[in-house]
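# Fold and contact review
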Amino acid sequence: MDNSIKKVDIIILGAGISGLTLGYHLHKKNRNFLVFDSNKTKGGNILTKISDDYVCENGPNTLLLNNHSIKNLISELDLEKEIIYPNTNNNKRFLIKNGKLIEIPRSFGEFLNSNILSLNAKIRVFIEIFFKKSVRNTSVYEFFKRRFGKEFHDKLIEPFLTGVYAGNSHNMSIKHVLNKIWKMEQEYGSIIIGFIKNKAGNKMPKSFNFKSGLSELTNKIYLKIKDKINFKSRITSISKVGNLYEITINDNTKYQCDKLISTIPAYALSEIIYDNKLAQTLKKVSYCPIHVIHVGLDKEKIKEDINGFGVLTKQSDKKNFLGIIFNSRIFPHVAPKGIDLITVMIGGTRQAELIKLDKELLFNKILKDVRQLISYEGEVLMRNEFTWKRGIPQYDLNHESVISGVENFLIKNKNFHILGNYINGISVSDCVEKAWFLSEKL
């Protein structure tokens with residue numbers, strides 16, 4: 001081997017939550033590894049900005065305690081004392097009806113009394129048990145339209161998925177976007193029967209944040225493995241040399257390794273991978289843009305009841321935003337006393353063109369919508385903005401071919417592994433679990 005080529009056992013591409021978590025677990029096992037990232041700092045999509053006592057999340061706003069991997073990681077990093085749970089007195093969630101906030105029902109009784117759905121739509125829900133199960137994967141829209149009716153989809157499912165994927169439910173794969181729902185239907189033939197049968201196991205996992213934001217998690221991991229991370233190291237190519245993998249970074253330095261793990265986005269890997277078939281598969285993964293606006297508002301001048309998590313929109317609401325998170329109502333510590341911090345999300349597949357507008361014009365359009373919705377006539381006391389040009393990966397109807405394409409590549413390329421939020425789970429806790437699982441396998 002060329003002496004100018006540096007050798008290491010394991011190379012990890014990307015210092016987001018997947019790459020950091022994997023590196024942390026390998027560090028515990030005293031493995032010989034290096035992490036490379038093209039950015040100047042760590043964290044990937046987890047990006048907290050703290051300024052003048054405001055804690056703003058430019059990426060995910062909360063994490064879920066929904067698997068042992070995330071629980072153990074927090075415990076090992078001694079972060080349990082830093083966890084902040086949402087204010088349980090403000091656990092409402094809102095939709096929009098006739099331009100006004102309306103609370104989403106939290107119980108069966110509330111659902112029956114709610115005026116979100118028409119009487120016909122409510123009756124339609126109750127006959128779901130008589131419909132046969134799906135014979136093939138379909139779109140989220142078609143799935144819920146067939147089982148519960150179009151109104152149920154349009155008024156409840158569409159806004160919910162807007163908050164998670166910011167995508168188009170007509171293109172989303174029910175099997176991969178809502179896998180638990182899909183499996184329930186396949187096993188029981190009915191969603192309602194499935195929920196009844198699994199009532200004990202259907203408790204919502206706890207959401208949480210940290211006192212200084214979600215970046216506390218990535219910062220803690222970084223401190224454990226900082227000597228192993230190479231920032232501002234953009235990978236220009238990946239090649240296979242016998243049984244080894246070789247990467248070249250932007251200063252033309254070459255590294256060879258026995259095991260290579262990519263945690264970078266699908267579009268980034270597609271540009272540097274040596275296998276053209278995999279490159280074409282990865283290009284099928286679409287990412288929708290997201291623009292995030294944080295504003296501080298005088299709490300006393302907000303006239304509407306916003307004591308809740310936030311509000312999500314549907315296309316028929318004709319708003320210039322996807323949703324609003326009422327941050328300081330659920331986590332009071334994120335804003336100075338007497339001020340409300342709210343986060344407005346714009347873009348997705350529905351509003352991609354909006355993000356291209358001049359930022360001042362866009363901000364004024366959003367502010368007008370916000371003022372009207374929450375009846376606010378005061379000044380904007382703080383403003384922070386961030387744009388993700390390619391933010392959230394979409395699990396579209398072609399996702400099955402993406403999974404099979406990746407799996408076929410991995411079978412033929414031993415010791416090459418692919419992690420990330422664009423395959424097998426989009427949430428942070430999903431990424432943490434996948435990274436832990438791979439560390440055990442390695």
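Shown above is the structure to which this text applies.
In this text, all values refer to a predicted model and were calculated from it rather than measured experimentally.

### Describing the state of the cysteines
Overall, the coordinates contain zero disulfides when judged by the stated rule. Free of any disulfide, Cys 288 has its nearest cysteine sulfur in Cys 431, 16 Å distant. With a relative accessible area of 1%, Cys 288 lands in the buried category.

### Some thoughts on the pairing of strand β14 (residues 287-298)
With eleven of twelve residues buried, β14 is to be regarded as a mostly interior element. By the bridge criterion, ten bridges tie β14 to strand β18 (residues 380-393) in an arrangement that is antiparallel. Residue pairing for β18: Val 292 is matched across the bridge by Phe 386. Bridge count between β14 and strand β17 (residues 339-347): nine bridges; the pairing is antiparallel. From the neighbouring strand, Ile 293 faces β17, where its bridge partner is Val 344.

### Here's the deal with the pairing of strand β1 (residues 6-13)
Direction of pairing for β1 relative to strand β13 (residues 254-262): parallel, over a ladder of seven bridges. The residue of β13 that forms the bridge with Ile 11 is Leu 260. Sheet topology note: the β1/strand β2 (residues 33-36) ladder contains four bridges and is parallel. Residue Ile 11 lies in a different strand from β2, and its bridge partner there is Leu 34. Of the crossover connections in this fold, the one passing from β1 over helix α1 (residues 17-28) to the parallel β2 is right-handed.

### Describing unusual backbone geometry
Of note, Asp 52 is a non-glycine position whose phi angle comes to about 50 degrees, a positive value. As for its position among the elements, Asp 52 is in the loop between β3 (48-51) and β4 (54-57). Since its relative accessible area comes to 65%, Asp 52 is described here as exposed. Phi at Lys 318 takes a positive value of approximately 55 degrees, unusual for a residue other than glycine. Tracing the chain through its elements places Lys 318 in the loop between β15 (308-312) and β16 (323-325). Judged by relative accessible area, which is 74%, Lys 318 ranks as exposed.

### Remarks on the sheet that holds β14
Overall, mixed pairing links the seven strands, which are arranged β8-β7-β15-β16-β17-β14-β18 in an open sheet. The open sheet has two edge strands with one neighbour each: β8 (100-103) and β18. Taken over all neighbouring pairs, the strand axes of this sheet differ in orientation by 25 degrees on average, direction set aside. Summarising the sheet, β16 and β17 pair through three bridges and their orientation is antiparallel. In the sheet register, Ile 324 faces β17, and the bridge partner there is Val 344. Strands β7 (92-97), β8, β14, β15, β16, β17 and β18 of the sheet are contacted by helix α14 (residues 359-374), whose axis makes an angle of about 110 degrees with β18.

### Examining the sheet that holds strand β6 (residues 83-84)
Reading across from one edge, β5-β9-β6 is the order of the three strands in this open sheet, with antiparallel pairing throughout. Two strands lie at the open edges of the sheet, namely β5 (63-65) and β6, each paired on one side alone.

Reading guide: rules and limits
- Residues numbered from 1 in each chain as written.
- Predicted model: local features only at pLDDT ≥ 70, side-chain atom pairs only at ≥ 80, totals over all residues.
- Heavy atoms only, no water.
- Disulfide = S-S within 2.5 Å.
- Buried < 20%, exposed > 50% of the residue type's maximum accessible area, 1.4 Å probe, protein only.
- Helix = DSSP H or I, 4+ residues; strand = E, 2+ residues; numbered from the N terminus.
- Pairing = 2+ DSSP bridges.
- Right-handed = clockwise from strand over helix to strand, strands pointing away.
- Axes fitted to C-alpha atoms, helices over the stretch in contact; angles between N-to-C directions.
- Contact = heavy atoms within 4.5 Å.

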